Amino acid sequence: MGELHPGLDHSQAARRLGAAILLNAIFIAVELGAGILVNSLALLSDAWHNLTDVLGLLIAWYAIRQVRRPADTARTFGYHRAGILAALGNSLLLGVVTGNLLLEAYHRLREPPMSGGQGGMILGVAAVGVIINGAVAFGLRTGGHDINLRSAFLHMLGDALVSLGVAVAGAAMLYTGWSWPDPVAGILVGVFILAGAWRIIREAVNVLMEGVPRGLAVQAVSAAIARIPGVQGVHHLHVWSLSSDLIALSCHVVVEDQSVSAGGLLVSRIQEELRDRFGISHATIQLESAVHAPTHPLAIQQEEGAARL
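Being a predicted model, the structure only gives us computed values, none of them experimental.

**Some details on the nonpolar core**
Piece 1. Counting 36 residues, the largest nonpolar core has Leu 43, Leu 57 and Val 166 as its most contacted members.
Piece 2. Secondary-structure elements contributing two or more residues to this core are α1 (10-38), α2 (41-66), α3 (82-110), α4 (119-139), α5 (147-176) and α6 (181-208).
Piece 3. The contacts of Leu 43, once residues within four sequence positions are left out, are Glu 31, Ala 34, Gly 35, Val 38, Ile 122, Val 125 and Val 166.
Piece 4. The next biggest cluster of nonpolar side chains, apart from the first, holds 22 residues, and it includes Leu 237, Val 255, Val 267 and Ile 270.

Below, the structure is given as structure tokens:
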């Protein structure tokens, strides 16, 4: 369970993530200082957003290192869920802090504490954010099928768009003298953060609850197994996520009486079908003869669903 994804240079990916973490950490310090200096909620909100992104990049970097760590007697499935736990904790914390930022934005809309003339500082700092986040996203775009790198790429691309929105707010303040674009930008950034955090929380909880991966239909999996020559039935089928990109399956497959070697070949064919069609990388399949008819309600339901498909 600790194999590297084929075709992906994890050393190179780790170096890119390290560079991304360093660049964002420097920018956070600049953005936070500028936000405090001009009392800009938009900059402070985006600085917090970027801080959580650095934590996300650290998680991705950590996950790349953990995937190399072999399973042991204490963790027989390996350490793939360490990143899930960290992502869940970070997202919950992010939601609490962002809620406070939205409340502050509401108060600032009612009583603006700053003048629109400070938009130049906001525009300049946000423009730097667009450049840095855009460059980091460009560097991570070659992550291929690795979900950690794809997630990091999409996150940094989203950050570039958020910084662009803050820059637009700064430009509006600079050229109109209005102060309201700053808290409005802070609200928009906060909503963007909460939407992303909610998606991560839902996915993390689904993984920890061993739910079926999003987009995967159990009935379709059962039907695909049932169509393989030599399979007479499928029951006690369970599909769950080990992590965000590792899917496991266990099931009982009804076959005619046959030799152990013939059964082994059939299991290999089933595993290959599951891997190629559904991306299920860890499948445990128990063969049994037709005399063991399924009696569990879930098993009967799965049999009926496979028959309809």
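**Let's talk about the pattern of salt bridges**
Piece 1. In total, this model carries 1 salt bridge according to the counting rule given.
Piece 2. A salt bridge links Arg 277 to Glu 273, with the nearest nitrogen and oxygen atoms 3.8 Å apart. Linking Arg 277 with Glu 273, this pair stays in helix α8 (residues 260-278), spanning 4 residues, or about one helical turn.
Piece 3. A relative accessible area of 46% places Arg 277 in the partly exposed class.
Piece 4. Classification of Glu 273 as partly exposed rests on a relative accessible area of 29%.

The rules behind each value
- Residues numbered from 1 in each chain as written.
- Predicted model: local features only at pLDDT ≥ 70, side-chain atom pairs only at ≥ 80, totals over all residues.
- Heavy atoms only, no water.
- Core = buried A, V, L, I, M, F, W, Y, C linked by side-chain atoms within 4.5 Å.
- Buried < 20%, exposed > 50% of the residue type's maximum accessible area, 1.4 Å probe, protein only.
- Helix = DSSP H or I, 4+ residues; strand = E, 2+ residues; numbered from the N terminus.
- Contact = heavy atoms within 4.5 Å.
- Salt bridge = Lys/Arg side-chain N within 4 Å of Asp/Glu carboxyl O.

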